[in-house]
Every structure is written in C-alpha cells, then in structure tokens.
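# Remarks on the overall topology
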Amino acid sequence: MDDFLLYLTNGLLLGVIYALSALGVSLIVGIMNVINFAHGELYVLAGYFSALFAHALGLPIPVAMALAVGLVFVFGLLIERTLIQPTYGNDMYSLIITFILSIVLQNAYLFIFGPYPQKPPNWVTGSTHLFGLFYYGNQRLASFLAGAAVIALLFLLIKKTWFGKMVRAVAQDREMASMVGVNSTRVNMLSFALGCALAAAAGVILAPIFPVNPTASVGISLTAFVVVVLGGMGSLEGCVVGGILLGVVQNLGAAYVSSGYKHFFGFLILVLVLTVRPSGLFGRKEI
Amino acid sequence: MPRSLVWLLSLGLFGVLAVLPLVAGDYWLHTAILCLFYVMMAASWNLLAGYTGQVSFSHAAFAGIGAYVSGMCAIYFHLPPLLGALVGMAVAAVLGLLLGVLCIRMGGIYLSLTTLAFSEMLRIVIDNEYEITRGTMGLSVPFVLPFYSKAWAFYLMGAVTLGLLYVIHRIIRSDLGTAFRAVQNDETAAASLGIHVVKIRVAAFVISSTMAGLAGALYGHYHQLITPEILSLNLMFLVLAMTIIGGLGTFAGPVVGAVFLEVLSEYIRIYGEFHVLIFGLVALFISRFAPEGLVGLWRKRFPTLDAQR
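In this text, all values refer to a predicted model and were calculated from it rather than measured experimentally.

Each value, and the rule that gives it
- Residues numbered from 1 in each chain as written.
- Chains lettered and ligands numbered in written order.
- Predicted model: local features only at pLDDT ≥ 70, side-chain atom pairs only at ≥ 80, totals over all residues.
- Heavy atoms only, no water.
- Helix = DSSP H or I, 4+ residues; strand = E, 2+ residues; numbered from the N terminus.
- Rg over C-alpha atoms; globule rule 2.2 N^0.38 Å.
- Buried < 20%, exposed > 50% of the residue type's maximum accessible area, 1.4 Å probe, protein only.
- Contact = heavy atoms within 4.5 Å.
- Lys, Arg positive; Asp, Glu negative; His and termini not counted.
- Charge placed at Lys NZ, Arg CZ, Asp CG, Glu CD.
- Buried area = accessible area lost by both parts, 1.4 Å probe.
- Salt bridge = Lys/Arg side-chain N within 4 Å of Asp/Glu carboxyl O.
- Polar contact = N/O pair within 3.5 Å; in protein donor to acceptor, adjacent residues only side chain to side chain.
- Nonpolar A, V, L, I, M, F, W, Y, C, P; charged D, E, K, R; others polar.
- UniProt positions renumbered as here; feature names shortened; annotations may be inferred.
- Expected span 1.5 Å × (residues − 1).
- Bend = angle between axes of the 7 residues up to and from the residue.

## Some points on the overall build of chain B
Assigned secondary structure in chain B consists of 15 helices and two strands. In terms of overall size, chain B behaves like a compact globule, its C-alpha atoms giving a radius of gyration of 19 Å where 309 residues would be expected to give roughly 19 Å. Seen through its principal axes, chain B has C-alpha atoms that stretch 50 × 50 × 35 Å. Among the 309 residues that make up chain B, the fraction classed as buried is 54%. Long-range contacts, defined as pairs at least 24 residues apart, comprise 78% of the intrachain contacts of chain B with a sequence gap of at least 6. Of the charged side chains in chain B, 16 are positive and 14 negative, and the gap between their average positions amounts to 11 Å.

Structure representation (structure tokens):
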C-alpha cells in the first residue's frame with residue numbers, strides 16, 4: 001500500500017510536469033494548427049542554457065532560469081518569422097519543417113554540448129517525509145510547485161487578459177478576428193514564441209531532476225503529443241487533465257508491469273483514445 | 001521531356017545498372033546497393049507525402065518491420081529470405097492498414113503524431129524483447145541469395161527497385177493517382193466528386209508502408225545484420241531529407257535525392273557525424289526556398305525540355 005501511494009504521488013507530480021511540457025504544443029496547435037515537432041528540442045535547449053548560465057557564468061539560479069526562458073522565447077520568435085510564417089495555409093510543410101528543425105537541433109546539441117547529460121544545480125536539497133510514509137526529494141516537490149505556478153499563470157494570461165482574448169479570438173475564427181482588428185500574424189508570432197517559452201519553462205524546472213542530453217528531446221516531444229491528443233487538440237484544460245492521467249498511468253504501469261515499457265503505455269493510451277474518443281477528453285467535436 | 005529523350009535516359013540508366021558491378025569495386029558496389037535501398041524508401045514515402053500530402057514518420061519503422069519479420073522467419077522458421085521478404089511485406093501491409101484506419105479519419109496531423117509514436121514504441125519493444133530480437137546487439141540473418149555475391153545482390157535489388165518505380169509510376173498515372181492528388185489539393189471538392197477521401201488516404205498509406213516493408217526486408221538480408229537503428233528517426237529523417245532535397249511530389253525527385261545524398265554522405269563521412277546536421281540545414285533551406293527541390297530547380301532552368309510533357 002505504501003508503495004502504491006508512492007507511485008501515485010510520483011505519478012501525480014510527474015503528471016503536472018507532463019501537463020506543463022505539453023501546454024506549449026497545445027497552445028500552438030490550438031491557435032495556428034501547427035504541430036511543433038521541435039518542442040522537445042527547445043525544452044532541452046533551455047535545460048542546457050540554465051545549466052550553462054548557472055555553472056559557467058555563476059549566475060544565481062533564478063536569473064539563469066529566467067535568462068534561459070527569455071532566450072528561447074526570442075528563438076521562438078525567430079523560428080516563427082523565418083520558418084513557419086511562409087508555410088501558412090500548408091499544414092504539411094509546417095510539419096516537415098519543424099521535424100527537420102528538430103533533427104538539426106539534436107545534432108547541433110551533440111556537436112556543441114556533447115553527448116553527456118548536463119544538469120543545472122538543485123534549488124533545494126534534502127527530502128521531506130510525506131504522509132508519514134516515505135521520503136520524497138525536496139527538489140521534486142519544488143519543481144512540482146513551480147510547474148503548477150506556471151500553469152496557473154498561463155491560464156490567467158489566456159483567460160483574463162486582453163492578450164488572451166485576442167489569442168482565443170484568433171483560435172476560434174481567424175478571419176473574423178482579423179476583421180475586428182486583431183493582427184493575427186503578430187498573434188501567431190507571439191503565441192508560437194509563448195509555446196516555445198512554455199517548453200523552456202518546463203525544461204528549466206525539470207532539468208535539475210532529469211538531466212538533459214541531446215536525444216532526451218524525443219521522449220519529451222512524444223509525451224507532449226500523447227497528452228495533447230488525450231486532452232483534445234488545442235484544449236488547455238484537456239492538456240492538464242491528460243498530463244496528470246498519463247503521469248499516473250505511466251508510473252503505475254512502470255511499477256507493476258515493466259519499467260522498460262514506460263513510454264509504451266503512452267502509446268497504448270494514444271491508441272485507446274483514437275479508437276474510443278478520437279477528439280480527446282476536451283476536444284472540439286468538429287475536427 | 002520529349003519521348004525519345006526519356007527512352008534514351010532509361011536506356012542509359014539500364015546500361016549503367018548492368019555494367020556497374022563489373023567495373024565498380026566492392027566499396028562502390030556497396031554504396032550503390034545502399035542507394036537502391038534509399039531510392040525505394042524515398043520513392044515510396046514520396047508517393048504518400050508528395051501525392052496525398054500526408055506526412056508519415058513511420059516509414060523507417062515499416063522498413064524495420066519488414067526486416068525483422070523477414071529475418072525472424074529465416075531464423076526461426078527457416079524460410080528462404082525472398083519468401084520471408086514477402087511475409088515481411090504482408091505484415092507491414094496489415095500493420096499499415098490498422099494504423100491507417102486508426103488515425104487517418106482524424107486528419108493529417110493525427111497521422112504524423114501517431115506514426116511518430118508508433119515508430120518509437122516499436123523501437124522500445126525491439127530493444128526490450130532481447131530474447132527474440134537480440135535488442136541493440138542486432139539480429140544476424142542469412143544473405144538474401146543462397147550464395148554470397150554482392151554483384152548478384154545488386155542485380156536483385158536493382159530489379160526490385162526498377163519494378164517498384166514502375167509500379168509507382170503506373171499508380172501516379174492511373175485513376176488512383178488522380179484521386180491521390182485530388183485529395184491532396186482539395187479534400188472537400190474531392191469528396192463532392194464521389195471520392196472516398198479516407199479510403200484513398202488509407203490506401204496510399206498502406207501501399208507506401210508495404211513498399212517500405214519490402215525495401216527493409218531486402219536491405220536486412222543484404223546487410224545480414226538487423227539492428228534497431230533501421231527504425232530510428234535518423235533513417236526516417238534521411239529518407240525525408242532525400243525526398244525534400246530531390247523534389248517532393250515529383251517522380252524523379254526522390255530518386256535524384258537518394259542517390260545524391262547517399263553518394264555525398266560517402267564523401268563527407270570523414271568529417272564524422274556532421275553529415276546529418278548538414279543534410280538537415282540543406283533540407284531546411286530547400287523546403288523554405290525551393291519547395292520542389294533539385295528537380296524543381298532543374299525544371300525552372302530548362303523549361304523547354306518539359307514543354308512537351
């Protein structure tokens with residue numbers, strides 16, 4: 001029973017993390033109908049940046065993290081402007097281009113940062129005695145809280161601010177939004193970069209727990225895609241629920257079936273969703 | 001292109017294929033066989049991506065399915081490799097059908113996501129089922145022919161490649177090919193003309209995946225060692241880059257791209273693993289500025305040759 005609680009806690013915590021790393025994909029697909037296959041690579045890039053800034057430049061951890069996320073945001077703006085914008089209206093080309101970009105970045109990381117895992121310093125040390133049952137790493141708890149905070153902030157931004165209103169308008173009806181004066185090209189650029197920054201936020205929050213290496217990105221992207229399909233394309237609420245669901249299922253599966261098959265459960269869920277409810281938990285029906 | 005020129009080119013190509021094993025050394029013969037494998041992969045991927053506009057990321061995975069199924073048939077059931085290759089093809093076709101039916105009705109993005117997840121999942125299974133697949137150690141399988149001869153392997157692969165290209169050419173020129181392009185250009189219009197969009201898409205996916213299965217099976221038996229590397233995203237990327245650089249949606253594009261990149265990668269191999277990075281940058285550049293690839297550039301440069309088409 002203790003074990004079960006441990007796996008469940010682990011699953012819940014990881015679930016929030018998965019939700020966080022999938023939100024960027026979900027945001028971009030909801031607004032632009034573009035799947036960013038380089039999502040995991042941006043996550044990894046932010047992980048590298050935060051490690052580099054903290055270790056090599058000796059910056060304080062929060063500064064290093066903020067700088068890493070900011071740089072990836074700017075990188076996202078550049079990607080949107082140079083690579084995605086020319087493909088508007090042709091979904092296939094944006095898929096191909098972001099896929100090529102992901103391979104290019106993976107190989108560039110291998111060349112620049114080397115094949116070995118790197119990790120930024122921990123924010124906190126030690127562990128906490130949870131529920132009087134088991135010890136849980138403080139860094140994991142801190143990352144969980146930070147992840148939950150970022151998710152809450154994003155929901156505030158999308159649901160409560162003027163920018164969020166514009167974004168939702170473009171997502172619902174691009175032409176109509178343009179007609180009432182929303183600059184949809186700029187909204188696209190900003191939301192793409194915001195999606196990249198979310199990947200980066202996940203990266204800097206998680207890199208202390210899961211060190212980054214050039215190929216770690218594939219697993220991250222895939223998990224994000226499974227969460228997005230499970231939650232429903234473009235639904236942010238679905239993304240959070242889907243992430244937590246996947247985290248719990250993966251951890252219980254890895255614990256009780258086989259740890260080598262951890263990522264296999266994600267695929268199983270994907271198949272299940274596509275067979276039973278293809279539009280996902282919170283998906284728009286008309287897709 | 002004028003008819004006579006097409007015949008002349010084809011004749012020249014046959015001549016080169018026939019003579020190559022007699023003049024080329026072992027090393028270049030090996031490279032030529034790899035070229036043939038990549039031509040099969042890129043041409044069949046192009047049939048799906050270039051003509052129906054669906055991007056599958058499981059093409060390498062289907063080659064892996066063909067290779068592993070055929071290899072295991074040879075090892076565990078002692079089937080001759082060529083028969084095993086047919087079984088591999090059949091399994092690839094069935095899995096392609098299942099995967100296609102599962103996700104194609106939801107539209108293009110779902111196909112890309114699901115195929116990517118499928119190929120990673122398959123790699124995990126092969127890595128983990130060590131007793132059957134030998135994991136990352138690789139599966140040793142018998143040579144494609146009863147006797148070892150690179151030259152004859154080349155002739156065999158060459159014949160299959162030409163056959164495959166012929167089939168693809170026939171499909172493109174048939175009603176089915178027209179339906180493919182109709183579905184790519186305007187789904188709604190195609191549906192209004194009585195084309196069953198989902199069926200056409202699934203058909204294209206199954207045909208393309210089956211061809212990948214055949215290519216993979218032959219490749220595995222030629223190499224005599226099948227590793228999970230064949231299902232990796234790197235191979236998938238190479239196939240995609242070859243098609244893009246050669247010319248997506250053109251018949252000659254993937255052939256040109258495959259031969260070009262494979263020969264080029266032999267020359268820049270000494271610089272280490274950078275060739276993937278370089279190909280990636282080139283592919284990015286081409287898909288951004290010349291979406292029709294090398295073939296498209298050629299057509300722009302010599303428009304008159306195409307006038308009679």
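Following the structure, the description resumes.
## Quick notes on the interface of chain B and chain A
Contact residues are listed per partner, giving 41 residues for chain B and 37 residues for chain A. Considering only the side of chain B, the residues that lose the most area to chain A are B:Ile109, B:Tyr110 and B:Leu113, jointly responsible for 17% of the buried surface there. The tally of links from chain B across to chain A stands at zero salt bridges. Where chain B packs against chain A, one counts one residue pair in polar contact (both at pLDDT 80 or more). Within the residue set of the side of chain B that touches chain A, elements represented by two or more residues are α2 (26–52), α4 (81–103), α5 (108–128), α11 (233–246) and α13 (274–289) of chain B. Examining the composition of the side of chain B that touches chain A, we find that 13 residues originate from one element, α5(B), more than from any other. Of the residues contributing to the side of chain B that touches chain A, the split by class is 29 nonpolar, eight polar and four charged.

## Focus: the UniProt feature "transmembrane region" (unreviewed entry) in chain B
Per the UniProt annotation, the sites labelled "transmembrane region" (unreviewed entry) are residues 28–48, 60–77, 83–102, 109–126, 146–168, 202–222, 234–261 and 270–290 of chain B. Here residues 146–168 of chain B is 83% helix and 0% strand, with 29 Å between the C-alpha atoms at its ends.

## Quick look at helix α1 (residues 2–32) of chain A
Residue and element names in this part refer to chain A. In this model, α1 (31 residues) spans 45 Å end to end at C-alpha, consistent with the 45 Å of a helix rising 1.5 Å per residue. Along α1, the largest kink reaches about 35° and is centred on alanine 22. A large share of α1 lies buried, amounting to 23 of its 31 residues. Asparagine 33 lies just past α1 and shows a positive phi near 60°.

## Overview of the UniProt feature "transmembrane region" (unreviewed entry) in chain A
Within the UniProt annotation, "transmembrane region" (unreviewed entry) is assigned to residues 12–35, 63–80, 92–112, 141–158, 189–210 and 264–283 of chain A. Helix makes up 88% of residues 12–35 of chain A and strand makes up 0%, while its end C-alpha atoms are separated by 26 Å.

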